[in-house]
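# Summary of the model geometry
Single-letter residue listing:
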Amino acid sequence: MDFNLNDEEKQYLDTVRRFVAREITPHVLNLDKGHVFPFEIIRKAWELGVMNLSVPENVKGYRIDAISSALIIRELSYGDSGIATSSMCNDLANIVVAMHGSDEQQKRFLNPFVNQALLASFCLTEPNAGSDNASMTTLMRKGNDGKYVLNGAKCFITNASYASQFTVFCKVGKPTSPFMACVIIPSLALEPETAELDPHSAREIPLPEGGRIITGKPEDKLGQRLSNTATVTFEDVPVDDSQIIGDRRLGFQYITDVLDYARPMVAAIGVGLARRALDVTLAYTRERRQFGERICDMPVARETLVAMWKKVELADMALMKAAFMIEDGSPEQGMYASLAKNLAAEAAIFCATEGLHLHGGYGFMAEYEISKLLRDAQIIDIYEGTREVQNMIIGRELI
Ligand SMILES: Cc1cc2nc3c(=O)[nH]c(=O)nc-3n(C[C@H](O)[C@H](O)[C@H](O)COP(=O)(O)OP(=O)(O)OC[C@H]3O[C@@H](n4cnc5c(N)ncnc54)[C@H](O)[C@@H]3O)c2cc1C
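In every chain, residue numbers begin from 1 and rise along the written sequence. Residue-level local features of this predicted model are given only where pLDDT is at least 70; pairs of side-chain atoms are given and counted only at 80 or more, and the full residue set underlies all totals for whole chains, interfaces and linings.

So, on to the packing of helix H3 (residues 39-48) against helix H6 (residues 81-100). To get an axis, fit a line to the C-alpha atoms, keeping to the stretch in contact for a helix; angles then go from 0 to 180 degrees between the N-to-C directions. Comment: elements are numbered from the N terminus, with helices defined as DSSP H or I runs of at least four residues and strands as E runs of at least two. Two elements in contact, H3 and H6, have axes whose closest approach is 11 Å; the angle formed by their N-to-C orientations is 60°. By the angle between their directions, the pair H3 and H6 is classed as oblique. In the packing of H3 onto H6, the handedness of the crossing is right-handed. Only Ile83, Ser86 and Ser87 of H6 make contact with H3, whose side of the interface consists of Ile41, Ile42 and Ala45. In what follows, roughly perpendicular refers to angles from 65 to 115 degrees, roughly parallel to angles under 35, roughly antiparallel to angles over 145, and oblique to any angle outside these ranges. Helix crossings get a hand from a simple test, with the near helix turned counterclockwise from the far one by less than a right angle marking a left-handed crossing and a clockwise turn marking a right-handed one. This entry defines residue contacts through backbone-placed C-beta atoms, with two residues in contact when those atoms are within 7 Å.

Structural data, given as structure tokens:
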């Protein structure tokens, strides 16, 4: 495994770092306070070409490898992990089309994201089916006319209020069916100019072919306030065969494929956040003096800074290894993706918690970024499979 970045990877790194320093870091605390979805910043990221990383070459015209993807997401997250979550969610939703869709489906469902700054949602979780997603009840079944109709409710869906397309996992035939399908439901194309959405309102979208999609009021969250999260309900939505990805019985396998790809990207979000927490804490403790010396020069404080640095570096190495294994097509990529996600979540929570402690009382004040980072870090250990779920995956592979 070669830790040297090639020229293309270095270029991505520099481009995203400059973008973050210019467009995100100076505004992030105000945006977070307002809890306003920064669609305009996401559009700028799209213009820069650092979104829709999984769209294949035959649709987009160029390829971004897993290592570059991890670097891009890590650096976006250094700016804000909510923005990174929302922009990376397009890949979470669309990678299944890239992996298992026909050429025609790839053109139809992926091209819009190349041509316009649109957002997609990945709809797996339900109120009673979280870690245990096989117990979902969203159902696609044939009506009297022999055509499929989709009904069901999903929750905690990233980008839901602004999504132009929904990737939905559902049971087929009856709720107790062992088969799960993956279907793509296009909706209205919403760009920053057209998305004049009341940030506190639900949205009802009647579909041209019949049925409707209802997105709930955006959730009021502890952290990652710059990503949008809402419920999505599908009511009598017709599903044509051309909207079903791959084999309509293999949805469960497709979820595994998607999450194996996406977990290192969540790890990248964790590493970006952890490094930011370390950097803001280093800056603060270099300035702040007590007992006549800088906080960073006090042995106990320095030990904490070293412990933070170690967590960041180890998580970053695990991230690079997981990305490398995806690139290499390794059969063990799922296990390493889970390892990277767990270590990154641990690093993010540790660095934000200890970082806040080293800020003393100031860290508890909203005007210091470390307090936001502590709120943001918590979700990294939960979404796309909790720590326990990652351990189950690792355990299964080991045994
Ligand atoms: C901000 C945010 C964004 C999200 N975005 C999306 C999205 O875009 N798309 C989507 O589909 N979902 C999304 N989710 C959902 C997320 O993936 C789930 O919340 C997560 O998988 C956990 O499911 P749950 O909340 O139902 O918790 P539960 O499954 O109820 O778990 C509760 C606790 O029990 C533990 N637990 C559960 N089962 C076991 C077990 N067998 N052994 C040991 N411990 C166990 C868990 O680890 C956890 O600590 C998002 C969630 C949030 C909060």
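On to the site of the ligand, then. All residues are tested the same way: a C-beta atom is placed from the backbone, and lying within 6 Å of a molecule or strand makes the residue near it. Near the ligand there are 21 residues, and of these Leu124, Gly130, Ser131, Thr158 and Thr386 occur at the shortest range. Only strand S1 (119-123), strand S3 (148-158) and helix H12 (387-398) provide two or more residues apiece to the shell around the ligand. Here the residues of the shell around the ligand are counted per class, giving ten nonpolar, eight polar and three charged. Boundaries of every domain are those given by an automatic assignment or by a domain database. Both of domain 2 (119-248) and domain 3 (252-398) provide at least three residues apiece to the shell around the ligand. Side-chain classes are defined by residue name, with Ala, Val, Leu, Ile, Met, Phe, Trp, Tyr, Cys and Pro counting as nonpolar, Asp, Glu, Lys and Arg as charged, and the others, Gly among them, as polar.

As a further point, take helix H10 (residues 333-358). Under the convention used throughout, the expected extent of a helix is 1.5 Å for every residue step, that is, one less than its residue count. Taking 1.5 Å per residue, 26 residues should reach 38 Å; H10 reaches 37 Å between its end C-alpha atoms and fits that length. For H10, the buried fraction is high: 23 of the 26 residues fall into the buried class. Just past H10, the residue glycine 360 takes up positive phi, approximately 60°. With C-beta atoms placed from the backbone, the exposure class of a residue follows from how many other C-beta atoms lie within 10 Å of its own: 20 or more, buried; 12 or fewer, exposed; in between, partly exposed.

The next thing to look at is the nonpolar core. Soluble, globular proteins show a tendency: their nonpolar side chains are buried together. Grouped together as the largest cluster of nonpolar side chains are 123 residues, with contacts concentrated most on Val183, Ala274, Leu319, Ala322, Ala344 and Ala348. Looking at this core element by element, the count peaks at 17 residues for helix H8 (residues 251-287). Setting aside chain neighbours within four positions, we find alanine 274 in contact with Lys311, Val312, Ala315, Ala344, Ala347, Ala348 and Cys351. Here, a nonpolar core means buried Ala, Val, Leu, Ile, Met, Phe, Trp, Tyr and Cys residues linked by C-beta atoms lying within 7 Å of one another.

With respect to the helices and strands, glutamine 390 occurs in helix H12. In sequence terms glutamine 390 and serine 86 are 304 residues apart; their C-alpha atoms lie 22 Å from each other. Here glutamine 390 is in contact with Ser338, Lys341, Asn342 and Gly385, once residues within four sequence places are set aside.

One can read the domain layout of the protein chain as domain 1 (7-115), domain 2 (119-248) and domain 3 (252-398). Just the C-alpha atoms count here: the centres of domain 2 and domain 3 sit 30 Å apart. Of the residues lining the interface, twelve residues belong to domain 2; the matching set on domain 3 comes to nine residues. Broken down by class, the residue content of the side of domain 2 that touches domain 3 amounts to seven nonpolar, five polar and no charged.

Turning our eyes to something else, we now look at the pairing of strand S4 (residues 163-172). Every other side chain in a regular strand lies on the same face of the sheet, so the side chains alternate between the two faces. Of all ten residues making up S4, nine are buried, and the element is well covered by its neighbours. Where S1 lies against S4, five bridges are found, and the strand directions are parallel. Across the sheet, alanine 120 pairs through a bridge with glutamine 165, a residue of S4. Both strand S2 (residues 139-142) and S4 contribute to a ladder of two bridges, which runs parallel. Residue pairing in the sheet places methionine 140 in a bridge with valine 172 of S4. Should DSSP find at least two bridges between two strands, the strands are regarded as paired. Note: S4 against strand S5 (residues 180-186), seven bridges, orientation antiparallel. Its bridge partner being in S5, lysine 171 is matched across the sheet by methionine 180.

Glancing now at the environment of isoleucine 213. Within the secondary structure, isoleucine 213 is located in strand S7 (residues 212-215). What makes isoleucine 213 buried here is the crowd of 22 C-beta atoms within 10 Å. Counting along the chain gives twelve residues from isoleucine 213 to arginine 225, while the straight-line C-alpha distance between them is 24 Å. Dropping the residues within four chain positions of it, isoleucine 213 is found in contact with Ile185, Ser187, Ile205, Leu207, Val232, Phe234 and Val237.

Take unusual backbone geometry next. In the Ramachandran plot, glutamine 224 falls in the positive-phi region, its phi being about 45° despite a non-glycine side chain. Relative to the helices and strands, glutamine 224 is located in the loop between S7 and strand S8 (229-239). Given 27 C-beta atoms within 10 Å, glutamine 224 falls into the buried group. For glutamate 384, which is not a glycine, the phi torsion comes out positive at approximately 55°. You can see glutamate 384 is positioned in the loop between helix H11 (369-377) and H12.

Let's shift gears to the packing of H8 against H10. One way to put it is that H8 packs onto H10 with a least axis distance of 8 Å and a crossing angle of 20°. Classified by the interaxial angle, the pair formed by H8 and H10 is roughly parallel. Classified by chirality, the crossing of H10 by H8 is left-handed. A breakdown of the residues in the contact of H8 with H10 according to their chemical character gives 18 nonpolar, seven polar and three charged.

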